[in-house]
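Secondary and tertiary structure notes
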Amino acid sequence: MATLDELEQRLYPSDGSDPTPNESCHVYHHSILQLSNNANSTAQLIRAIDVGKQAVGILFKDCNESRTMHWARLAAFAASMVAKRSKYFCEPLSVHVIRDINCLLSHWEPSISTQNVTLDQSACLKNWMLSVFCDARTCPDPRVRVLMLRFLAFYWHHAELDTKAALRTVSGLILNYEALDEETLLPTDRRGEEKGEPGLLYPLMFLLEGLGRHGYLDHMCQAAITQVRRLIPGPETRCLATLVKRTCRSAERIKAMYMMFDIKAPYILESLTGVVKFFGVLVTSQSTVHAYESPGLLKLASDSLVDMISSILEIGPILQLESTTGYADLIGMVNKTLESLALRGDSPKSVWIKVQQDHSHVFPRFTRQTQTMGLSLLFLSPSAGAREASWAEEMEEVPTKYLDSLTQDIMTEPVRLLTSGMTVDHSTIITLLLTSITPFDPFTRLPLCHSSFKSLPRLKRQIREWKNRKHCNREMEEE
């Protein structure tokens, strides 16, 4: 077996010439042998991974698909060897090894075929992978832990998702959600024609879809619903809130990058399409839809949707000039998401109803912007302005005590703030608790906690009776 020094000499000849395909292939196979050598130190393991990666890059420099597949094969083998060393030799975790393994998968996405990759499906690899992602004691750095999302998606793309591992994966998501910011989720900048590295958006989507499809997100979503009801947002609620807020912030970041830098339209369109799909997976999936219809989370979801669409439309005229078809497809994806939300319109607590209640004033502007480009947002009709006017007239007749003291909306679940004596809606409290690191009473600036509120069931009953009377009167007028 060739030593690492010999492999590096073959890869980078002293005369400066490029290695032949046979030499690169030889280096690649011997780097795998070096990975299986238990006598190697962690530093030598890192060198072996790097040598193998460079050999594949040279061997398949003109074939992206083959290069991605062989890097994935190298990542799978390296992870298996690291897992065995960790179990049988009690070798401490190396952050550099984790980064290098996930770097090999940086160009892999669930849509890319890796049928020729043989993945070790032993309990050893599975436990190691989940320990790194789910256990802060095993891997203290959250930035490194979230990198394992790509390897997790890669692993579950090839292996069957079992209950215990799936639930541990959900626990890892709840543990690491704060590290999933826009910089981590989005691809690296692509300037000119050179392709950068994909972010974690698509692997995260793949995991959420798989976990939701098999019902493994149900416990997290039910916990969030219970926490919202009790006005005590926990990590499950904060995880769902953070993920949906990332959609509008990611769209805003992409818009800013496009306006400030010379970034090509394909990158922008691909990134925005991913953000829209991600929002759909979060808010319209059967597994999570009820959680996002909870007070507070409902408002965050509706606000994020409108902000996301606003960012997409603001750069539309320029983006459409570069790629007419691509931008039309993006608007088509937005329409598909709006259609999914509209199908839930019969639910009084749906995101669609909330969007119409809170944001109907922007519908005419959205309609004008899309019509100027020869497109349309099918579910945001121009008649929204009339609905807004009707809603404004109705608001003038609302007794003041039925209005939220902060938002001036009609309350559904009135709650009194004990720190100020003011009355606000249950959803306003949840929003305050979810959007502030140190929540405070907006009227007195005093700190808020779960004991700072008191429900008002009598006022709630009065509001419900008033709404019923208004509904009956409206039906009589229509007849």
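See the structure above.
First, a word on what this report is: a plain description of the structure on this page. Model, not experiment: these values are computed from the prediction. (Residues numbered from 1 in each chain as written. Predicted model: local features only at pLDDT ≥ 70, side-chain atom pairs only at ≥ 80, totals over all residues. Heavy atoms only, no water.)

We now examine the pattern of salt bridges. All told, the structure shown has 11 salt bridges when counted by the stated rule. Across the salt bridge formed by Asp 162 and Lys 126, the nearest N and O atoms sit 2.8 Å from each other. Within this pair, whereas Asp 162 is found in the loop between helix H7 (142-158) and helix H8 (163-176), its partner Lys 126 is found in helix H6 (residues 123-134), the two being separated by 36 residues in sequence. For Asp 162, a relative accessible area of 27% gives the class partly exposed. Between Glu 314 and Lys 255 there is a salt bridge, with the nearest N and O atoms lying 3.1 Å from each other. Of this pair, Glu 314 sits in helix H14 (residues 297-314) while Lys 255 is found in helix H12 (residues 235-260), placing the two residues 59 residues apart along the sequence. (Salt bridge = Lys/Arg side-chain N within 4 Å of Asp/Glu carboxyl O. Helix = DSSP H or I, 4+ residues; strand = E, 2+ residues; numbered from the N terminus. Buried < 20%, exposed > 50% of the residue type's maximum accessible area, 1.4 Å probe, protein only.)

Attention shifts here to H12. Taking 1.5 Å of rise per residue, 26 residues should cover 38 Å, and H12 covers 36 Å from first to last C-alpha, within 8% of that figure. The sharpest bend along H12 reaches about 25° and sits at Thr 247. (Expected span 1.5 Å × (residues − 1). Bend = angle between axes of the 7 residues up to and from the residue.)

With that out of the way, let us pick up unusual backbone geometry. Non-glycine residue Leu 231 carries a positive phi angle of around 60°. Counting through the fold element by element, Leu 231 comes out in the loop between helix H11 (218-229) and H12. Owing to a relative accessible area of 7%, Leu 231 belongs among the buried residues under this scheme. In this structure, Arg 445 takes a positive phi of about 65° despite not being glycine. You can call Arg 445 exposed: its relative accessible area is 57%.

Moving on, we come to the environment of Pro 295. If you trace the backbone, Pro 295 turns up in the loop between helix H13 (265-284) and H14. Using a relative accessible area of 25% as the deciding quantity, one classes Pro 295 as partly exposed.

Reading across the sheet, the 3 strands line up as E2-E1-E3 and stay open at both edges, with antiparallel pairing between neighbours. The outermost strands of the open sheet, each flanked by one partner alone, are strand E2 (423-425) and strand E3 (453-455). Averaged over all pairs of adjacent strands, the angle between strand axes in this sheet comes to 40°, irrespective of strand direction. Of the strand pairs in this sheet, strand E1 (residues 414-417) and E3 are connected by 3 bridges, and their pairing is antiparallel. Within E3, the position partnered with Leu 417 by the bridge is Phe 453. (Pairing = 2+ DSSP bridges. Axes fitted to C-alpha atoms, helices over the stretch in contact; angles between N-to-C directions.)

Turning next to the nonpolar core. Of all hydrophobic cores here, the largest spans 143 residues; its most connected members are Ile 101, Trp 128, Phe 151 and Tyr 327. Of all the elements, H13 adds the most residues to this core, at 12 residues. Each residue touching Ile 101, except ones within four places of it in the same chain, is listed here: Ile 49, Ala 75, Ala 78, Ala 79, Val 82, Trp 128 and Phe 151. Tyr 402, Ile 410, Leu 456 and Leu 459 belong to the second-largest nonpolar core, a separate cluster that totals 9 residues. (Core = buried A, V, L, I, M, F, W, Y, C linked by side-chain atoms within 4.5 Å. Contact = heavy atoms within 4.5 Å.)

Attention now moves to a positive patch on the surface. Taken together, the side chains of Lys 401, Arg 458, Arg 461 and Arg 464 present a region of like positive charge at the surface. Take Arg 458: it is sitting in helix H21 (residues 457-478). (Patch = residues over 30% accessible without salt bridge, like charges linked within 9 Å, V, L, I, M, F, W, Y side chains within 5 Å. Areas by Shrake-Rupley, 256 points an atom, 1.4 Å probe, with all protein chains shown as cover. Lys, Arg positive; Asp, Glu negative; His and termini not counted. Charge placed at Lys NZ, Arg CZ, Asp CG, Glu CD.)

One ladder, built from 3 bridges, connects E1 with E2; its direction is antiparallel. Bridge pairing links Arg 416 to Thr 423 in E2. Taking the residues between adjacent antiparallel strands as the criterion, E1 and E2 are bridged by 5 residues, where Gly 421 takes a positive phi near 80°.

Let us look at the packing of helix H3 (residues 42-59) against helix H4 (residues 64-88). Packing of H3 against H4 leaves a shortest axis separation of 9 Å and a crossing angle of 165°. Viewed along their axes, H3 and H4 adopt a mutual orientation that is roughly antiparallel. In this structure, the crossing between H3 and H4 has a hand that is right-handed. Contact residues: Thr 42, Leu 45, Ile 49, Gly 52, Lys 53, Val 56 and Gly 57 in H3; Arg 67, His 70, Trp 71, Leu 74, Ala 78, Val 82 and Arg 85 in H4. Of the residues in the contact of H3 with H4, the class split is 7 nonpolar, 4 polar and 3 charged. (Parallel < 35°, antiparallel > 145°, perpendicular 65-115°, else oblique. Left-handed = near helix turned anticlockwise from the far one by under 90°. Nonpolar A, V, L, I, M, F, W, Y, C, P; charged D, E, K, R; others polar.)

Our focus in this paragraph is the side chain of Asp 358. Turning to its location among the elements, Asp 358 is positioned in helix H17 (residues 351-359). When sequence neighbours within four positions are dropped, the list of residues in contact with Asp 358 reads Lys 299 and Asp 409.

To continue, consider the packing of aromatic side chains. Summed over the entire model, instances satisfying the criterion amount to 4 aromatic pairs. Residues Trp 108 and Phe 154 carry aromatic rings whose centres are separated by 5.3 Å and whose planes lie at 85° to one another, so their mutual orientation is edge-to-face. Of this pair, Trp 108 sits in the loop between helix H5 (95-104) and H6 while Phe 154 sits in helix H7, and the two are 46 residues apart along the sequence. Accessibility assignment for this pair places Trp 108 and Phe 154 in one class, buried. Plain terms: the ring middles of Phe 151 and Phe 154 are 6.0 Å apart, the flat faces sit at 55° to each other, and that makes the pair tilted. Here Phe 151 pairs with Phe 154, and both are found in helix H7, just 3 residues apart, close to one helical turn. (Phe/Tyr/Trp six-rings, centres within 6.5 Å; stacked < 30°, edge-to-face > 60°.)

What follows concerns empty space enclosed by the protein. Applying the stated criterion to the full structure yields 2 cavities of 30 Å³ or more. Approximately 60 Å³ is the volume attributed to the second largest cavity. Listed by contribution, the elements that provide at least two residues to the lining of the second largest cavity are helix H10 (201-213) and H13. Tallying contributions element by element places H13 first for the lining of the second largest cavity, with 3 residues. Here the lining of the second largest cavity is composed, by residue class, of 6 nonpolar, 3 polar and 2 charged. (1 Å grid on protein atoms, 1.4 Å probe; cavity = no way out; pocket = protein on both sides within 12 Å on 5 of 7 lines; lining within 4 Å. Points joined across faces, edges and corners; volume = space filled by probe spheres on them.)

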